[in-house]
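# Chain and residue survey
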Amino acid sequence: MEVVNRVAQSGIEVYDLELLWQDPEILELDIAEFLEQGIILREKPFRSQIETYHWNVFTSKHVAIYCSSDALIPMWAYMLIGAHLQGATSITEGRRQDVVREVFMEAIANEDWSKYTDRVVVVKGCGSGIVPASAYAKVIGELQKVARKVMFGEPCSSVPIWRKPKKV
């Protein structure tokens with residue numbers, strides 16, 4: 001008796017959000033370390049510290065820029081730091097989770113959704129946990145534009161999420 005993989009023959013497309021994450025390291029940069037007493041930004045000392053900082057540790061990394069103190073940070077300070085982070089993979093204001101969310105949102109926006117036109121798509125779940133909930137919410141909106149049906153889980157065990165309305 002031949003074993004038939006009915007899932008493989010079903011024509012279901014699996015969309016795995018985890019494949020969008022290329023796993024470059026995320027480093028956080030606390031602006032407070034450049035501030036006087038961790039709370040006061042004085043332009044001349046700030047610029048001096050920025051110039052002598054070892055920026056090469058951020059090359060090919062995602063960088064999250066934040067301030068751990070309640071200091072008021074002018075926008076030009078982020079720009080000055082960003083000017084020194086040109087070797088970074090990405091630069092985000094915020095913490096690690098903000099970088100992850102931003103990377104996924106950009107990858108979803110750049111995805112070619114046409115390959116899912118009129119297809120049944122299962123958005124894979126139960127992964128490593130790196131995919132933020134916002135990515136699942138965003139991907140359903142993109143798939144609704146092209147797919148015939150969208151489910152969540154695995155092809156052999158999925159939860160129906162959305163189906164294209166039948167034309168009357």
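Above: the structure in question.
Now for a description of the structure that goes with this document.

Cut-offs applied
In every chain, residue numbers begin from 1 and rise along the written sequence. Selection of residues for local features in this predicted model requires a pLDDT of at least 70, selection of side-chain atom pairs for listing and counting requires 80 or more, and totals for whole chains, interfaces and linings are taken over all residues. As a rule here, side-chain values cover all heavy atoms of the structure and leave hydrogens and water aside. A run of H or I in DSSP becomes a helix once it reaches four residues, and a run of E becomes a strand once it reaches two; helices and strands are each numbered from the N terminus. A 3.5 Å cut-off defines polar contacts: any pair of N or O atoms within that distance qualifies, except that in protein one atom must be a possible hydrogen donor and the other a possible acceptor, and neighbouring residues in sequence count only when both atoms are side-chain atoms. Throughout, a residue-residue contact means that at least one pair of heavy atoms, one from each residue, lies within 4.5 Å. We call two strands paired when DSSP finds no fewer than two bridges between them. In this analysis an axis means a line fitted to C-alpha atoms, helices contributing only their contacting stretch, and an angle means the value between N-to-C directions, from 0 to 180 degrees. Any angle that falls under 35 degrees is termed roughly parallel, while one over 145 is termed roughly antiparallel, one within 65 to 115 roughly perpendicular, and all others oblique. Ten residues, namely Ala, Val, Leu, Ile, Met, Phe, Trp, Tyr, Cys and Pro, are considered nonpolar, four, namely Asp, Glu, Lys and Arg, are considered charged, and the remaining ones, Gly among them, are considered polar.

## Some details on the side chain of Thr92
Tracing the backbone shows Thr92 in strand S4 (residues 90-93). For Thr92, the side chain forms a polar contact with the side chain of Glu102, separated by 3.1 Å. In this structure, Thr92 is in contact with Val63, Ala64, Ile65, Asp98, Val99 and Glu102, ignoring residues within four places of it in sequence.

## Topic: the sheet that holds strand S7 (residues 157-163)
Sheet strands pair by backbone hydrogen bonding; their relative direction is either parallel or antiparallel. Spatially, 4 strands are ordered S1-S5-S6-S7 in an open sheet, and the strand pairing comes out mixed. Every interior strand has two partners, whereas the edge strands, strand S1 (13-15) and S7, have only one. Averaged over neighbouring strand pairs, the angle between their axes works out to 30 degrees when direction is ignored. Of the strands in this sheet, S1, strand S5 (120-124), strand S6 (149-154) and S7 touch helix H5 (residues 133-144), which is tilted by about 170 degrees from S5.

## Concerning the packing of helix H4 (residues 96-109) against H5
The description of two helices packed together rests on the angle between their axes and the distance between the axes. Their axes nearest at 10 Å, the elements H4 and H5 cross at an angle of 10 degrees. Comparing the axis directions of H4 and H5 gives the class roughly parallel. Along the contact surface, H4 presents Arg101, Phe104, Met105 and Ile108, while H5 presents Ser134, Ala135, Lys138, Val139 and Glu142. Along the lines of polarity and charge, the residues of the contact of H4 with H5 split into 5 nonpolar, 1 polar and 3 charged.

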